[in-house]
Amino acid sequence: MIDFARVQKELQECGREKDSSGIRVSPKSDNLARLTGIIPGPLGTPYEGGSFEIDITLPDGYPFEPPKMKFVTKVWHPNISSQSGAICLDILKDQWSPALTLKTALLSIQALLSAPEPDDPQDAVVAQQYLREYQTFFSTARYWTESFAKASSLGVEEKVQQLVEMGFPDGLVRSTLEAVGGDENLALEKLLSS
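Reading the values: rules and limits
- Residues numbered from 1 in each chain as written.
- Predicted model: local features only at pLDDT ≥ 70, side-chain atom pairs only at ≥ 80, totals over all residues.
- Heavy atoms only, no water.
- UniProt positions renumbered as here; feature names shortened; annotations may be inferred.
- Helix = DSSP H or I, 4+ residues; strand = E, 2+ residues; numbered from the N terminus.
- Buried < 20%, exposed > 50% of the residue type's maximum accessible area, 1.4 Å probe, protein only.
- Contact = heavy atoms within 4.5 Å.
- Domains from an automatic or database assignment.
- Buried area = accessible area lost by both parts, 1.4 Å probe.

- The protein appears in an unreviewed UniProt entry as E2 ubiquitin-conjugating enzyme from Hibiscus syriacus.
- The UniProt entry for the protein carries the following comment under Sequence similarities (unreviewed entry): "Belongs to the ubiquitin-conjugating enzyme family."

1. Quick word on the UniProt feature "active site" (unreviewed entry) in the protein
Part 1: In the numbering used here, UniProt assigns the "active site" (unreviewed entry) feature to Cys88.
Part 2: Among the structural elements, Cys88 can be located in the loop between strand S4 (68-71) and helix H2 (102-114).
Part 3: Its relative accessible area of 14% is what places Cys88 among the buried residues.
Part 4: When neighbours within four sequence positions are excluded, Cys88 is seen to be in contact with Asn79, Lys93, Leu112, Asp120 and Gln122.

2. Digging into the domain arrangement of the protein
Part 1: The domain architecture assigned to the protein consists of domain 1 (4-149) and domain 2 (152-193).
Part 2: The gap between the C-alpha centroids of domain 1 and domain 2 is 24 Å.
Part 3: At the junction of the two partners, domain 1 supplies 7 residues and domain 2 supplies 4 residues.
Part 4: Both sides of the domain 1 and domain 2 interface together cover about 440 Å² of buried area, and 37% of this is carbon and sulfur.
Part 5: It is Glu53, Val72 and Phe148 that lose the most area in domain 1 upon contact with domain 2, and together they represent 50% of the buried surface on that side.

Here's what the structure looks like:
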């Protein structure tokens with residue numbers, strides 16, 4: 001059975017420290033077993049300036065079993081599937097400990113963005129590119145960050161207009177944009193999945 005009191009406490013901790021860490025965690029609905037995490041791209045990497053959404057599902061055994069996490073935002077990285085967003089990280093598998101928290105797991109994912117492990121890849125194509133053609137890897141990762149992990153420079157009204165033209169109701173578009181900090185790509189993903 002999920003320890004929901006602990007989950008509430010972890011969410012409060014993330015809320016208090018979001019300005020210093022940039023890491024945010026929020027429930028997808030009133031079900032605390034389904035969460036959304038947001039991590040900023042680390043400085044000095046091709047992911048710098050990006051905001052990456054991570055889908056978090058807590059298993060019944062949490063915190064004694066690791067949370068299930070995967071990238072919603074597309075990312076070009078050896079340890080993250082470019083197709084499914086699956087993450088290859090030991091603490092999300094056999095190295096999980098109940099002493100770890102959602103925040104420490106997200107910090108570990110952020111650290112993985114800084115220090116890929118191409119010898120233990122989730123995406124073999126990206127890993128080969130990282131090892132053999134690093135500059136091409138870097139350019140591709142940067143392009144994906146610019147394309148999928150950055151809010152555009154459009155103003156709020158232009159974003160609303162674009163999404164309304166796609167057939168979504170104005171009020172829903174505005175509330176969704178507000179919920180995702182103005183990122184129209186994240187807003188579109190949320191609108192399509194709701």
